[in-house]
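Understanding the architecture of this molecule
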Amino acid sequence: MQLRQINDLLTSTEVSEILGVSTQTLAVWRCNKRYSLSYVKVGRYVRYRYGDILTFVESRTIEA
C-alpha cells in the first residue's frame with residue numbers, strides 16, 4: 001500500500017477501491033449529492049483529495 005499525503009488527488013478508481021464501491025456508484029453520489037463526499041474538477045476529470053476521503057469515512061463511522 002502506498003503512503004499518501006492529505007492533499008494527494010486520487011482518481012475515481014483509487015477511491016472506489018478504498019471505499020469498496022464501484023466508480024459508477026461514485027458518479028451517482030456526485031450527481032445526486034447523496035453523500036457529502038467532496039471532489040475536485042480538473043478540466044473534465046474528477047479527483048478526490050485523500051484527506052476528504054478520510055473525513056468522509058470518519059463521518060460515516062458509527063461507534064458501538
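Residues numbered from 1 in each chain as written. Predicted model: local features only at pLDDT ≥ 70, side-chain atom pairs only at ≥ 80, totals over all residues. Heavy atoms only, no water.

Some remarks on the sheet that holds strand β1 (residues 9–10)
Rules: At least two bridges found by DSSP between two strands are what make those strands a pair. A run of H or I in DSSP becomes a helix once it reaches four residues, and a run of E becomes a strand once it reaches two; helices and strands are each numbered from the N terminus. Any pair of residues with heavy atoms lying within 4.5 Å of one another is described as a contacting pair. All axes are obtained by fitting lines to C-alpha atoms, using only the stretch in contact for helices, and the reported angles, taken between N-to-C directions, cover 0 to 180 degrees.
Sheet architecture is open: three strands sit in the order β1-β3-β2, paired in antiparallel fashion. Only two strands of the sheet have a single neighbouring strand rather than two, namely β1 and β2 (40–42). Taken strand by strand, helix α3 (residues 50–59) contacts β1 and β3 (45–49), and its axis lies near 65° from that of β3.

Brief notes about the packing of aromatic side chains
Condition: Aromatic pairing here means that ring centres of Phe, Tyr or Trp (its six-membered ring) are within 6.5 Å. Orientation follows from the plane angle: under 30 degrees is stacked, over 60 is edge-to-face, and everything else is tilted. When accessible area is computed with a 1.4 Å probe and restricted to protein chains, residues below 20% of their type maximum are described as buried, those above 50% as exposed, and intermediate ones as partly exposed. Any Lys NZ or Arg CZ that is within 6 Å of a ring centre and within 35 degrees of that ring's normal is treated as a charge sitting over the ring.
By the definition in use, this model includes four aromatic pairs. Between tryptophan 29 and tyrosine 35 the ring centres are 4.6 Å apart and the planes differ by 75°, which places this aromatic pair in the edge-to-face class. Given a relative accessible area of 22%, tyrosine 35 falls into the partly exposed group. Aromatic ring contacts, followed pair by pair, group Trp29, Tyr35 and Phe56 into a single cluster. Above the ring of tyrosine 39, the side-chain terminus of arginine 30 is found at 5.8 Å from the ring centroid.

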